[in-house]
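Coordinate inspection notes
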Amino acid sequence: MMQKKNLCVLAVLAMALTLAFFAWGCGGDSGTILPGGGAESDTGEENGASGETGAIEEALLELDNWSLPTSVAELIATFSEYKLRMNMGLEQIFHYRYLGSEPIEGVETEKIAFSVDGEEITIWVAADDMVKQVEQEGEIYTGEMAETKGATFLGFMVMPFAMAEGYNIHEYVSTPGLSVQLKDSSPGRVGDLSGTVHTIEIKIEPPANTAPTEITYICRIADLGAVQTMLSLSVTSGDGTVDFAFEIEELKLH
């Protein structure tokens, strides 16, 4: 059995990430980040934090192949493996691997390995995220026990991406007190993949947030050609405290 402390930490992570998602997210969307902290609207105008509009001369970053898997089906279709480091006061390492298709009791399933700090569970999941079988510490579980064990971990697999998807650039740049800036674009690698890594800074000041000080988001977006995805995200309070951070260390596309 997986140690109770890890299950408790995962439950806390689930609650905290859900709260963060609903506090600041509105369903991330593809967009264009522009010079001066503005973003291109649907009408082709630039929206800044002050609400001013103006003509655009050149877009610096276009997220036209944006992809963050917010469901298990999307995760399987997008990534064959990821390894990420997450920190919410306690650092943990999540590792996901897609192991291929396999029939279980006549039903076609996708076999997934998922671990937290090296403690691994293997899940056979069918259509509609129905868990058909689970293997944990050498024990095989089916039926209701498999559903109970597997469903929780399926949620954890996509949780960091679901949270990141909620950060909508268009909302932030049109809200007073917020600023969005493209800080850097340079070549980078994610595991065996290479591309361009863009660093974006989002500042949220009172009264736009409920905290007494400014909150700063630093997100890094990896443009891998076929797909653009969030590589890392950190949330820092005005006193320098890092409230939340995650970073993908290994990534393989499906």
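Residues numbered from 1 in each chain as written. Predicted model: local features only at pLDDT ≥ 70, side-chain atom pairs only at ≥ 80, totals over all residues. Heavy atoms only, no water.

1. A short note on the overall build of the protein chain
Quick reminder of the rule: Here a helix means four or more residues in a row that DSSP labels H or I, a strand means two or more in a row labelled E, and each is numbered from the N terminus. Classification of residues uses two cut-offs on accessible area relative to the type maximum, computed with a 1.4 Å probe and protein chains only: under 20% is buried, over 50% is exposed, and between them is partly exposed. Note on definitions: a residue-residue contact is assigned when non-hydrogen atoms from the two residues lie within 4.5 Å. Surface exposure here means Shrake-Rupley accessible area, sampled with a 1.4 Å probe, where a residue is shielded only by the protein chains that are shown.
Of the regular secondary structure elements, the protein chain holds four helices and 15 strands. Taken over 254 residues, the protein chain has a buried fraction of 44%. Here the analysis covers contacts within the protein chain between residues at least 6 apart in sequence; of these, 50% occur between residues at least 24 apart. Total accessible area on the protein chain stands at roughly 12200 Å², and carbon and sulfur atoms take up 51% of it.

2. Notes on the pairing of strand β10 (residues 139-142)
Note the following rule: Two strands pair under a simple rule: DSSP has to find at least two bridges between them.
The sheet contact formed by strand β9 (residues 131-136) and β10 spans four bridges and is antiparallel. Looking at β10, one finds that Q136 is bridged to E139. The antiparallel hairpin formed by β9 and β10 contains two residues in its connecting segment, where E137 sits at a positive phi of about 50 degrees.

3. Topic: the environment of I104
Here I104 shows up in strand β6 (residues 91-104). On the basis of relative accessible area, I104 is assigned to the buried category, the value being 8%. The contacts of I104, once residues within four sequence positions are left out, are T109, W124, K132 and Q133.

4. Side note on the side chain of T78
With respect to the element layout, T78 can be found in helix α2 (residues 72-78). What makes T78 buried here is its relative accessible area of 16%.

5. Notes on the pattern of salt bridges
Quick note on the threshold: Salt bridges are identified by distance alone: a Lys or Arg side-chain nitrogen within 4 Å of an Asp or Glu carboxyl oxygen.
Inspection of the entire model under this criterion finds nine salt bridges. Across the pair R85 and E249 runs a salt bridge, and its minimum N-O distance is 2.6 Å. On the criterion of sequence distance, the pair formed by R85 in strand β5 (residues 79-87) and E249 in strand β15 (residues 242-253) is long-range, its members being 164 residues apart. For E247, the salt bridge is made with R220, and the minimal N-O distance between the two is 3.4 Å.

6. Some points on the pairing of β15
Sheet topology places β5 next to β15; eight bridges connect them, and they run antiparallel. For N87, the partnering residue across the bridge sits in β15 and is A245. As paired strands, strand β14 (residues 228-237) and β15 are joined by five bridges and run antiparallel to one another. The residue of β15 that forms the bridge with T236 is V242. Where β14 hands over to β15, the hairpin turn is made up of four residues, of which G240 adopts a positive phi near 90 degrees.

7. Some thoughts on the confidence of the model for the protein chain
As a general rule, the predicted coordinates of low-pLDDT regions are not to be interpreted in detail. Put simply, the test is: For every residue, the predictor reports its confidence as pLDDT, a number between 0 and 100.
Per-residue pLDDT for the protein chain averages 75, and the proportion of residues at 70 or more is 70%. Here residues 1-60 is modelled with pLDDT under 50, and outside its nearest four sequence neighbours on either side it reaches 131 contacts, counting other chains as well.

8. Quick look at the packing of aromatic side chains
Let me state the cut-off plainly: Within 6.5 Å between ring centres, the rings of Phe, Tyr and Trp (the latter by its six-membered ring) count as paired, and their orientation is classed by plane angle as stacked under 30 degrees, edge-to-face over 60, tilted in between. Counting as a charge over the ring demands two things of the Lys NZ or Arg CZ atom: a distance within 6 Å of the ring centre and an angle within 35 degrees of the ring normal.
Tallying each qualifying case throughout the model produces seven aromatic pairs. A centroid spacing of 5.6 Å and a plane angle of 55 degrees characterise the contact between F79 and F161, whose relative ring orientation is tilted. With a gap of 82 residues between them, F79 in strand β5 and F161 in helix α3 (residues 143-165) connect regions that are remote in the sequence. Overall, the relative accessible area of 0% leaves F161 in the buried class. Ring centres of F244 and F246 lie 6.2 Å apart, and the angle between their planes is 45 degrees; this geometry places the pair in the tilted category. Neither F244 nor F246 differs from the other in exposure class; each is buried. The residue whose ring lies beneath K149 is Y141, and the NZ or CZ to ring-centre distance is 4.8 Å.

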